[in-house]
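Remarks on the overall topology
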Amino acid sequence: EAASVAVRPLPLSVLIQLADGASGWSDATLMDAVNTALHAEMLRDGPDGLLCRHDLVRQAVEAGLTSAARQALHRRAALALGGRPEGKAEPLAVAAHWSAAQEPQTALAWMQRGAVQLKMRGRFDEARALWTQVAEESLDATQGLQARLALAECELLTDLARGRIALLEVLAQVSAVAEPAQRDQIEGQTLAGLVDNAVFSGDLDAARNAAERLRPLLPRLRVDDRVHACEVLIELAMREPDIAEAWALLDQLRILVPAR
C-alpha cells in the first residue's frame, strides 16, 4: 500500500517509514512484509529503491485503499520526501503528495520551490505556470507575493516595460507582508529588479530613486539577494559614472563571497 501511493522508487528506509506510520508493525514484521512482497513479485528492487513491479499492481492495490487511508499515506509520503536532505528532495513530487492528502495550501508552498528548480533548469514556461497557480490560489499573502515577484522577474526576460509594471505592482503590495524580515526580503528583491530594469532601459532617474530605497535594506537581505543587489547597484554606479561607489560595492562583495 505504501509503495502504491509513493509511485516512484523509494529507499527501503523511506518506504518502511511510510508503512510503519500506517501499520505500527515492528521492524522485523516490516522486513518480513518487504521480503514477502519481493518474493511474490509485487515489489521490485531497482537502482533507486523499491517500487511496485507493474503499474497494474500499483493501481489495483491503491484502488483497494479507503479514502482516509490513501490520504494518510500521501501525507506520510509528503513528510518523508520533504524531509530528505537538500538536493535530494523533489519539490513537485512532495507537492503532488500534499495535494492528494487534501492539503492544497501546503502543496502550493512546495510548488513554489518546484518552480524555482524548473527555472534553474531552463524550463521557464513550466515555472511560470506554477508561479501563476501559486499567485492565484495561495491564501498566504507572502507566498502569493513571492510568486508574483517571480513572475515579474520572468517578464523582465522578454519585455522590460511589462516587467517594470509587474515589479511596481509587487512593490505596492509589499506592506501586506506582516513579518518584517520577509517584507524586507521581498522589497529588496523588487527594488533590485527595478534598478536593473531602469538601468537597461536607460532611465537613470528611475534607477537612482529605486537605489535610494534599496541601499538601506542591503544589510537585512539574504546573502545571495544582497550580492545581486550590489551587482545591480554597481551597474548603476558605472553608468553614472561613480567609480568610487562601484569599488566600494565591489569591496562588499569581496567580503560577502570571497570565492567569487
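It should be emphasised that the depicted structure is a prediction, and the values quoted were computed from it without experimental measurement.

Attention now moves to unusual backbone geometry. In this structure, the amide linkage connecting Glu-240 to the following residue, Pro-241, adopts the cis form with an omega of -5°. Note on placement: Pro-241 falls in the loop between helix 13 (223–239) and helix 14 (243–256). The backbone of Val-7 shows a phi angle near 70°, a positive value even though the residue is not glycine. Following the sequence through the fold, Val-7 ends up in the loop between helix 1 (2–6) and helix 2 (12–23). Residue class for Val-7 comes out partly exposed when judged on its relative accessible area of 46%.

All right, on to the pairing of strand 1 (residues 43–46) then. In this sheet, strand 2 (residues 49–52) lies alongside strand 1 in antiparallel orientation, the contact comprising four bridges. Counted as the bridge partner of Asp-45 is Leu-50 from strand 2. The antiparallel pairing of strand 1 with strand 2 creates a hairpin that spans two residues between the two strands.

Mapping Asp-184 onto the fold places it in helix 11 (residues 180–201). In terms of polar contacts, Asp-184 uses its side chain to reach the side chain of Arg-220, at 2.7 Å. Residues within four places of Asp-184 in sequence aside, it is in contact with Leu-217, Arg-220 and Leu-221.

What follows is about the packing of helix 11 against helix 12 (residues 204–214). Where helix 11 meets helix 12, the closest approach of the two axes is 8 Å, and the angle between their N-to-C directions is 160°. Accordingly, the angle class assigned to the pair helix 11 and helix 12 is roughly antiparallel. For the pair helix 11 and helix 12, the crossing hand works out as left-handed. For the pair formed by helix 11 and helix 12, the contact residues are Glu-187, Gly-188, Leu-191, Ala-192, Leu-194, Val-195, Ala-198 and Val-199 on the first element and Ala-206, Ala-207, Ala-210, Ala-211, Arg-213 and Leu-214 on the second. Of the residues assigned to the contact of helix 11 with helix 12, the class counts are eleven nonpolar, one polar and two charged.

Moving on, we come to the environment of Ala-152. By the secondary structure assignment, Ala-152 is in helix 9 (residues 141–156). Here the alpha-carbon distance between Ala-152 and Ala-78, two residues 74 residues apart in the chain, equals 30 Å.

Applying the stated rule across the entire model yields 15 salt bridges. Of the charged contacts, one joins Arg-58 and Glu-62 as a salt bridge, the two residues approaching to 3.0 Å between their closest N and O atoms. Of this pair, Arg-58 and Glu-62 are both found in helix 4 (residues 55–63), four residues apart, which corresponds to roughly one turn of the helix. Look at the salt bridges and you will find they share partners, linking Asp-55, Arg-58 and Glu-62 into a network.

This paragraph deals with the packing of aromatic side chains. Evaluated as defined, the whole model comprises zero aromatic pairs. Across from the ring centre of Phe-200, 5.6 Å away, lies the NZ or CZ of Arg-239, which sits over that ring.

For the rest of this paragraph, the subject is the layout of surface pockets. Considering only enclosed or pocket space, the largest pocket measures out at about 990 Å³ in volume. Considering the residues around the largest pocket, the lining is formed by 30 residues, among which Lys-119, Leu-149, Glu-153, Gln-189 and Asp-225 are closest to the centre. At the level of secondary structure, the elements contributing two or more residues to the lining of the largest pocket comprise helix 7 (104–120), helix 9, helix 11 and helix 13. The dominant element in the lining of the largest pocket, judged by the number of residues it contributes, is helix 11, at eleven residues.

Turning to the packing of helix 10 (residues 160–173) against helix 11, a few remarks are in order. Two elements in contact, helix 10 and helix 11, have axes separated by 10 Å at closest approach and are oriented at 155°. By the angle between their axes, helix 10 is roughly antiparallel relative to helix 11. With respect to the hand of their crossing, helix 10 and helix 11 are arranged in left-handed fashion. Counted together, Leu-160, Gly-163, Arg-164, Leu-167, Leu-168, Val-170 and Leu-171 of helix 10 and Ile-186, Glu-187, Thr-190, Leu-191, Gly-193, Leu-194, Asn-197, Phe-200 and Ser-201 of helix 11 form the full contact between these two elements. For the contact of helix 10 with helix 11, the class distribution of residues is nine nonpolar, five polar and two charged.

Thresholds, definitions, all that
Residues numbered from 1 in each chain as written. Predicted model: local features only at pLDDT ≥ 70, side-chain atom pairs only at ≥ 80, totals over all residues. Heavy atoms only, no water. Helix = DSSP H or I, 4+ residues; strand = E, 2+ residues; numbered from the N terminus. Buried < 20%, exposed > 50% of the residue type's maximum accessible area, 1.4 Å probe, protein only. Pairing = 2+ DSSP bridges. Polar contact = N/O pair within 3.5 Å; in protein donor to acceptor, adjacent residues only side chain to side chain. Contact = heavy atoms within 4.5 Å. Axes fitted to C-alpha atoms, helices over the stretch in contact; angles between N-to-C directions. Parallel < 35°, antiparallel > 145°, perpendicular 65-115°, else oblique. Left-handed = near helix turned anticlockwise from the far one by under 90°. Nonpolar A, V, L, I, M, F, W, Y, C, P; charged D, E, K, R; others polar. Salt bridge = Lys/Arg side-chain N within 4 Å of Asp/Glu carboxyl O. Phe/Tyr/Trp six-rings, centres within 6.5 Å; stacked < 30°, edge-to-face > 60°. Lys NZ or Arg CZ within 6 Å of the ring centre and 35° of its normal. 1 Å grid on protein atoms, 1.4 Å probe; cavity = no way out; pocket = protein on both sides within 12 Å on 5 of 7 lines; lining within 4 Å. Points joined across faces, edges and corners; volume = space filled by probe spheres on them.

Just distances and angles here, no functional claims.
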